[in-house]
Structures are given as structure tokens and as C-alpha cells.
Amino acid sequence: ITGKYGTRYGANLRRRVKKHEISKAAKHFCHFCAKFKIKKGPIGIWHCKHCVRTFAGGAWTLNTANSTTVRSTIRRLRELQEV
């Protein structure tokens, strides 16, 4: 995957790029239609091929660390309101 860079840029940077390129090319899980059909579009835009929904996410990953934290906080606060 990172063979196109040859010996340039250093091993650590090539390793990081490899991790990002593998996750970018992978199919991700769609929580609306329950299928692995989400693919990356332009930077930060993710499309589900099955239910034709568009998501805003991170540039390299569908869910960023900050969005995961916010989502869990909102869920916890909703549970506290219900009780």
C-alpha cells in the first residue's frame, strides 16, 4: 500500500499512512440499514451505498475520537433524564 512512496518520508510516517489508507478503503458499518456499505467520499464525507445516506465524519475515519466522546455523553445525559 505504501510501496508507492519508496524509501521517502521515513518508516514511521509510511506506517501511519498505511493505517489510514487501509481504514479509508475499508467498508464501514451503517447504523441505519445495518450493512457494511459506507465508503469514503471527499474529505469528511461518507456515503452509504445501500440506504443512500450521507454522513459527516472525520477526514480519515468515520467516527473521530471527539465525536465518540460527545455521542456517549449525550447518551448518558439522556439516560439520566429518563430516570
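In short, a report on the structure. (Residues numbered from 1 in each chain as written. Predicted model: local features only at pLDDT ≥ 70, side-chain atom pairs only at ≥ 80, totals over all residues. Heavy atoms only, no water.)

All right, on to the overall build of the protein chain then. On a plain count of helices and strands, the protein chain comes out with two helices and four strands. The secondary structure elements of the protein chain, listed N-terminal to C-terminal, are α-β-β-β-β-α. Computed over its C-alpha atoms, the radius of gyration of the protein chain comes to 17 Å, more than 25% above the 12 Å expected for a compact globule of 83 residues. Along the three orthogonal principal directions, the C-alpha set of the protein chain runs to about 60 × 30 × 15 Å. Entry remark: accessible area of the protein chain is about 6600 Å², with carbon and sulfur atoms responsible for 58%. (Helix = DSSP H or I, 4+ residues; strand = E, 2+ residues; numbered from the N terminus. Rg over C-alpha atoms; globule rule 2.2 N^0.38 Å. Areas by Shrake-Rupley, 256 points an atom, 1.4 Å probe, with all protein chains shown as cover.)

A separate point is unusual backbone geometry. With the exception of glycine, the majority of residues adopt a negative phi angle, and the majority of peptide bonds are in the trans configuration. Even without glycine at this site, Tyr-9 takes up a positive phi of about 75°. Turning to its location among the elements, Tyr-9 is positioned in the segment before α1 (11–25). A positive phi angle, near 60°, is found at Ala-34, a position not held by glycine. Structurally, the position occupied by Ala-34 is in the loop between β1 (28–30) and β2 (35–40).

None of this, on its own, says anything about what the molecule does.
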